[in-house]
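Each chain, written out:
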Amino acid sequence: MAAVFTAGFGAGAINSVVGSGTLITFPVLLATGLSPVTATVSNALGLIPGSVSGAVGYRKELRGQRRRVLRLSVGALLGGLAGATLLLSLSADAFETIVPVLVGLALVLVAFQPRINRLVQRRRERTGTSPRRDGGPLLFTGLTLASVYGGYFAAAQGIIYLSLMGMLLDEPLQRLNAVKNVLSALVNTVAALFFLFAADFDWTAVALIAAGSALGGYAGAKVGRRFSPAVLRTLVVAVGTVALVQLLLR
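Residues numbered from 1 in each chain as written. Predicted model: local features only at pLDDT ≥ 70, side-chain atom pairs only at ≥ 80, totals over all residues. Heavy atoms only, no water.

1. Some points on helix H6 (residues 66-89)
So the rule is basically this: Helix and strand definitions here come from DSSP, where helices need a minimum of 4 consecutive H or I residues and strands a minimum of 2 consecutive E residues; each element is numbered from the N-terminal end. One less than the number of residues in a helix, times 1.5 Å, gives the span that helix is expected to have. The seven residues ending at a residue and the seven starting there each receive a fitted axis; the angle between those axes is the bend at that residue. Contact criterion: two residues are considered in contact whenever any of their non-hydrogen atoms come within 4.5 Å of each other.
End to end, H6 covers 35 Å across 24 residues, agreeing with the expected 34 Å (1.5 Å per residue, within 8%). A bend of about 25° at Ser 73 is the largest found in H6. On its buried face, H6 sits against helix H3 (36-46), helix H5 (59-62), helix H9 (136-152) and helix H11 (173-196).

2. Details of the nonpolar core
The condition is simple: We call a set of buried Ala, Val, Leu, Ile, Met, Phe, Trp, Tyr and Cys residues a nonpolar core when their side-chain atoms join them within 4.5 Å. Here the term buried applies to any residue with accessible area under 20% of the maximum for its type, exposed to any over 50%, and partly exposed to those in between, with areas from a 1.4 Å probe on protein chains only.
Formed by 48 residues in total, the largest nonpolar core has its most connected members in Leu 29, Leu 143, Tyr 161, Met 165, Val 179, Leu 183 and Phe 195. With ten residues, H11 is the single largest residue contributor to this core. Those residues in contact with Leu 183 that sit more than four places away from it in its chain are Leu 72, Ser 73, Ala 76, Leu 143 and Tyr 161. With five residues, the next largest nonpolar core counts Val 18, Leu 107, Ile 159 and Leu 244 among its residues.

3. A look at H3
Taking burial as the measure, the eleven residues of H3 include nine buried ones, the bulk of the element. Among the residues of H3, those classed as buried are Thr 38, Ala 39, Thr 40, Val 41, Ser 42, Asn 43, Ala 44, Leu 45 and Gly 46. Where H3 is buried, its residues meet helix H2 (22-31), helix H4 (48-57), H6, H9, H11 and helix H12 (203-224).

4. Some details on a positive patch on the surface
Test applied: By definition, no residue in a patch forms a salt bridge, and every one has over 30% relative accessible area; like charges are joined within 9 Å, nonpolar side chains (Val, Leu, Ile, Met, Phe, Trp, Tyr) within 5 Å. Computed by Shrake-Rupley with a 1.4 Å probe, the accessible areas treat only the displayed protein chains as cover when residues are assessed. We count a salt bridge whenever a side-chain nitrogen from Lys or Arg sits within 4 Å of a carboxyl oxygen from Asp or Glu. A positive count includes Lys and Arg, and a negative count includes Asp and Glu. His and the chain ends are not counted in either. Throughout, a charge is located at the NZ atom of Lys, the CZ atom of Arg, the CG atom of Asp or the CD atom of Glu.
A cluster of basic residues, Arg 59, Lys 60, Arg 63, Lys 222 and Arg 226, forms a positive patch on the protein surface. Its location among the elements puts Arg 226 in the loop between H12 and helix H13 (229-249).

5. Looking at the packing of H6 against H9
Operational definition: Here an axis means a line fitted to C-alpha atoms, over the contact stretch when the element is a helix, while the angle between two N-to-C directions is reported on a 0 to 180 degree scale. The sense of a crossing depends on the near helix, which, turned anticlockwise from the far helix by less than a right angle, makes the crossing left-handed and, turned clockwise, makes it right-handed. Charged means Asp, Glu, Lys or Arg here, nonpolar means Ala, Val, Leu, Ile, Met, Phe, Trp, Tyr, Cys or Pro, and polar covers whatever is left, Gly included.
Between H6 and H9, whose axes approach to 6 Å, the crossing angle comes to 35°. For the pair H6 and H9, the crossing hand works out as right-handed. Here Arg 71, Leu 72, Val 74, Gly 75, Ala 76, Gly 79, Gly 80, Ala 82, Gly 83, Ala 84, Leu 86 and Leu 87 of H6 come into contact with H9, specifically with Gly 136, Pro 137, Leu 139, Phe 140, Leu 143, Thr 144, Ser 147, Val 148, Gly 151 and Tyr 152. Residue composition of the contact of H6 with H9, by class: 13 nonpolar, eight polar and one charged.

6. Looking at the packing of helix H1 (residues 2-17) against H11
Here is the rule: For classification purposes, an angle smaller than 35 degrees is called roughly parallel, one larger than 145 roughly antiparallel, one from 65 to 115 roughly perpendicular, and anything else oblique.
Axis separation between H1 and H11 bottoms out at 8 Å; the angle between their running directions is 130°. Looking at the two axes, H1 sits oblique to H11. Of H11, the residues touching H1 (which contributes Asn 15, Ser 16 and Val 17) are Asn 177, Lys 180 and Asn 181. Tallied by class, residues from the contact of H1 with H11 come to one nonpolar, four polar and one charged.

7. Some remarks on a nonpolar patch on the surface
Nonpolar side chains collect at one region of the surface, where Leu 193, Leu 196, Phe 197 and Trp 203 lie side by side and expose about 500 Å² of accessible area between them. With respect to the helices and strands, Phe 197 occurs in the loop between H11 and H12.

What follows is the structure, given as structure tokens:
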């Protein structure tokens, strides 16, 4: 019980700052003897309070982004529901193959985001175009597909969100991180609600992760908001690299 609670705290803190908290809680739940599906659905429900507290901790960075968040939330809800459905109906083989590729690509995009943004800005200056405030159809589609993955497993989901928004939105990384926390909370919630009617939970694990992640999410937001863009980007790449290695070794 202490291990699951501690894992929930760590996952909540990491999710609010970077993402990939599932890579902490999921192995711990498996070590307690839960099946992979039960561990996944219990983890999804337990991490909801952490996602919410992380979003609350970043509420200052969310100011002025209401319209953007509402639009992208539609894709997050649809994608999360689709991913939850896939978890209970399809083999995991296909996802286990594509997930490391997605995470690896997301890490490259995050690492080189400043350079990519400079190239994009030069192109806009040459063509006389300006960035769309909502990221356009490309961002909506990309985040919806990332949410499908999030509803299915969620490991490194936040890193994929940050990489997509960093390329297509002209905003500081901390403001994008705030949006990421809201979208992650929505995906976890819609997936967990679906699982309530279609899967078996371990309610002790859910309660322990929920309590730990709620505390960890708010604490992580308090600390993460103080990081400079360079520090936050370095942390994203570092945590994402660990996540990628763990996914490849599974």
